[in-house]
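Structural overview for review
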Amino acid sequence: MNVVLISLLTMILLTLESVLVKIFAFEFVRIDVVLCLVVFAASRCSLVSGAVSAFLVGYLLDVFSGQPTWLEPAATMLIFVAIRLSAQSIEARNRPGFALFVSGATVLHALIVSTFTWMTRTGPLPSLAYVPMQVLITALAGQLLWPMLGRIESGEIKDKPSPIKRVDP
Amino acid sequence: VLAFLKRHRDIVLVVVLLVAPLGRYFISGHRGRDLNPVDRLALGLASPLQSALSSFFGQVQNGFESYAALRGAHEAKQLCQTSLSQAAAELNSLREARAENERLKSIVAYVEPTIEQEIIARVIGFNPTSLIQSVRIDRGENHGVRVGMPVVTPEGVVGQVIRVVGSSSDVMLISDAQSHAGAMVQRTRVRATVSGSGAGWNPSVDLIKREEDLQMSDVLITAGTDGVFPAGLNLGKIIEVTRPNVGMFYLAKLKPGVDFHRLEEVIVLPMTLTQGPP
C-alpha cells in the first residue's frame, strides 16, 4: 500500500515541482522534494517496501528528467541504503532528524549525480554552487510534507497485524 | 545458493534494485533510453495535470502582474508611444530594404525553401532535475512534433526537441551543457559555436579566433551549419568577452535572446527549415 501511495505522491510532487520551477523562475536550483520520500521510505518503512518505493521514486524522477538514463534510480537506491544504515544510529523519526536526513540526502544526491555524470560524459558538468540553496528549500519542503508522511506511516502500522498475541481473560 | 537467497531475499532484492540501474547506467552512459509503455503512461497521466496547474498558476501570476502594471500605466503608455513612433520609422526603412531584397532575389533567381506548418506550443513545466536544462511543452507526436525539431520564439532560439510522447515533448534549452549550435557574429559574419556552460543560463561562445573582431553587445545569429537550427535566428548578445594571453580563441559568454524565466509560448519549426538557402 505504501509503495502505491509513495509512487502516486511522487508523480504529483514532480508535476507540481515542474510547474513551480517555471513560476518561480529557478535557474539551476531545484526542490528535491521527492528525496523527502526516499528518506521517509528508508527511515520509516519496512526494508522491502522502502526499497521498492525508493526505486520507484528514482524511476519516476528519471522519466520526468527528459532524458532517462537510469541514473536517478541508482542514486535514490544509494541514498536509501546510506540512510537506512545511518538511521540505525541517528534518530530520523522526529522532525529535526527528518530535516537533517533530507538535507544530507540532497547533498548526497547532488554529489552522486555530479560524480556519475563526470564519469560518463564529456564537456562541462552542472555546477554545484546551487546545492546550499537546494538543501534549504528541500528541507523546508520536507517539513511541509511531514504531517502527510506521518499519516502514511500510521496507515502502515494500522495495516500490519500486531506481533503481540492477545490473551483472553 | 537457493537456501541462501531464500533466507536473505529482502537483502537480495535491495541489492538487485541497486545494482540493476547502476549497471544499466554505466552500460548506456549518458545516451538515455527509449521510452517504454510505463514511461509513456506516467508522462501521459502527468501531462494534463501539468497543463492545468501551469494554466492556473499562470492566471494567478498574470493577475498579480496586471495589478502591479496598472501602477505605472501612464508612464508606460508614454514610453510605448515613443517606442511606437521609432518602430514605425524603422518599419518604413525595413519595407524599403525588403523591396530592394525582393528585386535582388528576382535578379539572382533565389528560390524560397518550402515552409511546412509550424507548431505553436505552450510551456507547461520545467525539468524537475537540474542535470538537464529542459522544458516541457504541450504538443507531442500527436501534433506532429518529432525529436530534433528546433524550437524558437520571436525573440530567438529556445532549443531542440529531445523527447516526444503523445501530447507533450521535452525541449533541451540552448543553455544545457549538452547543447551546441552553429553561430555567426551578425556584424562581422565570423563563425562560432554556442555551447551550454552547465553553470547558468548564459552559454559560452567558442571557436572565435583571437585575431577576429569581437566586441561586447555583438549579436550572434544561427549559422545554419549544425543541421538543427535554420540560419538567421537570433541567439543572443555577447555579455562577456576576454582575449586570453595564451590560446587560439576568445573566451566569451552569451546572454540568450530568449528570457527563459518568461517562456510561455514557443514555436516548433519543421525540420525542412534547417536546410539553409541554396
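Structure first, text after, so check above.
Residues numbered from 1 in each chain as written. Chains lettered and ligands numbered in written order. Predicted model: local features only at pLDDT ≥ 70, side-chain atom pairs only at ≥ 80, totals over all residues. Heavy atoms only, no water.

Topic: the overall build of chain A
Helix and strand content of chain A: six helices and zero strands. The linear arrangement of helices and strands in chain A, starting from the amino end, is α-α-α-α-α-α. Here chain A displays about 7,400 Å² of accessible surface, and carbon together with sulfur accounts for 70% of that area. (Helix = DSSP H or I, 4+ residues; strand = E, 2+ residues; numbered from the N terminus. Areas by Shrake-Rupley, 256 points an atom, 1.4 Å probe, with all protein chains shown as cover.)

Considerations on the interface of chain A and chain B
Taken residue by residue, the interface counts 52 residues in chain A and 59 residues in chain B. Between chain A and chain B, a total of about 5,200 Å² is buried, with carbon and sulfur atoms accounting for 67% of that surface. At the junction of chain A and chain B, the tally comes to one salt bridge. For the salt bridge of Asp62(A) with Arg33(B), the shortest nitrogen-to-oxygen distance reads 3.8 Å. Our count for the chain A to chain B interface comes out at eleven residue pairs in polar contact (both at pLDDT 80 or more). (Contact = heavy atoms within 4.5 Å. Buried area = accessible area lost by both parts, 1.4 Å probe. Salt bridge = Lys/Arg side-chain N within 4 Å of Asp/Glu carboxyl O. Polar contact = N/O pair within 3.5 Å; in protein donor to acceptor, adjacent residues only side chain to side chain.)

Let's talk about the environment of Asn142(B)
Residue and element names in this part refer to chain B. Relative to the assigned elements, Asn142 resides in the loop between strand 2 (134–137) and strand 3 (150–153). Look at Asn142 and you get exposed, because its relative accessible area is 60%. Sequence-wise, Asn142 and Gly166 are 24 residues apart; in three dimensions their C-alpha atoms are separated by 5.4 Å. Residues in contact with Asn142, not counting those within four places in the same chain, are Gly166 and Ser167. (Buried < 20%, exposed > 50% of the residue type's maximum accessible area, 1.4 Å probe, protein only.)

A look at the packing of helix 4 (residues 71–86) of chain A against helix 2 (residues 9–28) of chain B
Contact pair helix 4 of chain A / helix 2 of chain B: the axes reach a minimum separation of 8 Å and the direction vectors enclose 145°. Along this stretch, helix 4 of chain A crosses helix 2 of chain B, giving a crossing that reads as left-handed. Counted together, Leu71(A), Pro73(A), Ala74(A), Met77(A), Leu78(A), Phe80(A) and Val81(A) of helix 4 of chain A and Val14(B), Leu17(B), Leu18(B), Pro21(B), Leu22(B) and Tyr25(B) of helix 2 of chain B form the full contact between these two elements. Split into classes, the residues belonging to the contact of helix 4 of chain A with helix 2 of chain B amount to 13 nonpolar, no polar and no charged. (Axes fitted to C-alpha atoms, helices over the stretch in contact; angles between N-to-C directions. Left-handed = near helix turned anticlockwise from the far one by under 90°. Nonpolar A, V, L, I, M, F, W, Y, C, P; charged D, E, K, R; others polar.)

Quick word on the pattern of salt bridges
What the rule picks out here adds up to nine salt bridges over all chains. The salt bridge partner of Arg163(B) is Asp170(B), with a shortest N-O separation of 2.7 Å. You'll find Arg163(B) and Asp170(B) in the same group, each marked buried. Because the salt bridges share partners, they merge into one network encompassing Asp62(A), Arg33(B) and Asp39(B).

As for the pairing of strand 5 (residues 168–173) of chain B
All names here are of chain B. With six of six residues buried, strand 5 lies mostly within the body of the structure. Side chains Ser168, Asp170 and Met172 of strand 5 all project onto a buried face; the interleaved residues Ser169, Val171 and Leu173 project onto the opposite face, where all are buried too. Relative to strand 5, strand 4 (residues 156–165) runs antiparallel, the two sharing six bridges. Following the sheet pairing, Val164 is matched in strand 5 by Ser169. A loop of two residues connects strand 4 with strand 5, the two strands running antiparallel in sequence. (Pairing = 2+ DSSP bridges.)

Focus on helix 2 (residues 34–44) of chain A
Most of helix 2 of chain A sits inside the fold, with eleven of its eleven residues counted as buried. All of the buried residues in helix 2 of chain A are Val34(A), Leu35(A), Cys36(A), Leu37(A), Val38(A), Val39(A), Phe40(A), Ala41(A), Ala42(A), Ser43(A) and Arg44(A).

Describing the packing of aromatic side chains
Applying the stated criterion across every chain, the model contains nine aromatic pairs over all chains. Centroid distance Phe126(B) to Trp201(B): 6.2 Å. Interplanar angle 40°. Geometry classified as tilted. Of the two residues, Phe126(B) is situated in strand 1 (residues 119–126) and Trp201(B) in the loop between strand 7 (191–195) and strand 8 (204–206); the sequence distance between them amounts to 75 residues. Trp201(B) carries the same exposure label as Phe126(B), and that label is buried. Ring pairing ties together the aromatic residues Phe55(A), Tyr59(A) and Trp70(A), which thus form one cluster. The ring centre of Trp146(A) lies 4.5 Å from the NZ or CZ of Arg44(A), which sits over that ring. The aromatic ring of Trp70(A) is capped on one face by Arg33(B), whose charged end is 4.6 Å from the ring centroid. (Phe/Tyr/Trp six-rings, centres within 6.5 Å; stacked < 30°, edge-to-face > 60°. Lys NZ or Arg CZ within 6 Å of the ring centre and 35° of its normal.)

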